[in-house]
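# Breakdown of the fold
Each chain is listed here by its residues.
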Amino acid sequence: ETGVTQTPRHLVMGMTNKKSLKCEQHLGHNAMYWYKQSAKKPLELMFVYSLEERVENNSVPSRFSPECPNSSHLFLHLHTLQPEDSALYLCASSQAPQETQYFGPGTRLLVL
Amino acid sequence: EDQVTQSPEALRLQEGESSSLNCSYTVSGLRGLFWYRQDPGKGPEFLFTLYSAGEEKEKERLKATLTKKESFLHITAPKPEDSATYLCAVAGTASKLTFGTGTRLQVTL
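A few points on the structure. Predicted model only: the values in this text are computed from it and were never measured. (Residues numbered from 1 in each chain as written. Chains lettered and ligands numbered in written order. Predicted model: local features only at pLDDT ≥ 70, side-chain atom pairs only at ≥ 80, totals over all residues. Heavy atoms only, no water.)

All names here are of chain B. Strand β9 (residues 84–91) sits mainly inside the fold: seven of its eight residues count as buried. Of the strand pairs in this sheet, β9 and strand β11 (residues 103–108) are connected by three bridges, and their pairing is antiparallel. Bridging across to β11, A84 finds its partner in L105. Judged from the three bridges that link them, β9 and strand β10 (residues 97–99) form a sheet pairing that is antiparallel. Note on β10: the bridge partner recorded for A89 is F99. Counting the residues between successive antiparallel strands, the hairpin from β9 to β10 contains five residues. (Buried < 20%, exposed > 50% of the residue type's maximum accessible area, 1.4 Å probe, protein only. Helix = DSSP H or I, 4+ residues; strand = E, 2+ residues; numbered from the N terminus. Pairing = 2+ DSSP bridges.)

Right under this line is the structure:
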């Protein structure tokens, strides 16, 4: 595997389900990010981790819970989501914050 | 607060018809301006990083330029495979990138 990988690629869940999104980077980077992308909106930064510490949380609802166990892996735990949370969730990594970010293919999430 | 505005929102070109996409920005202490290409249902693909006014970078049919207020992505003799959404982002003193809404480019035969 090279670059940034994300699993699953597609996810359908009910509002009472709990699921997790996984991201892995093979670039040796120190910073990782979660973004939400909705139609006709700019990418919305959700969380930033640098050297495994959360450095930014953009007022994201608590039903989204990130976890960064090491510099190569990032998770987004989901619970009791709302239909408006349906979107493309993108993971990215960079050598450091403010530097060029490289994105994974995304997870297309549908909340019913 | 950093801001990025991209225009036009959508652009339709015929194959071979050159044009430019615009990215206007306001940022406190520019650390970098980034261009990405995004195909439907996929993650953004990195194209260029520009760091200072006057800088230019090229890759195949694409050329990115930077001034103190805006950046242009010039597309020379585009082909249908250049059809995608092109995203611009800036990094300022905050530890994050601010993205524009993108320009959706369609190149027809």
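Now that the structure is up, let's keep going.
Moving on, we come to the pairing of strand β7 (residues 64–70) of chain A. As a general feature of sheets, a regular strand has side chains that alternate between the two faces. All names here are of chain A. For β7 and strand β8 (residues 73–79), the ladder comprises five bridges, and the chain directions are antiparallel. Within the sheet, the bridge partner assigned to E67 lies in β8 and is F75. In this structure, the hairpin formed by β7 and β8 is closed by a connection of two residues.

The values reported here are purely geometric and, on their own, carry no functional implication.
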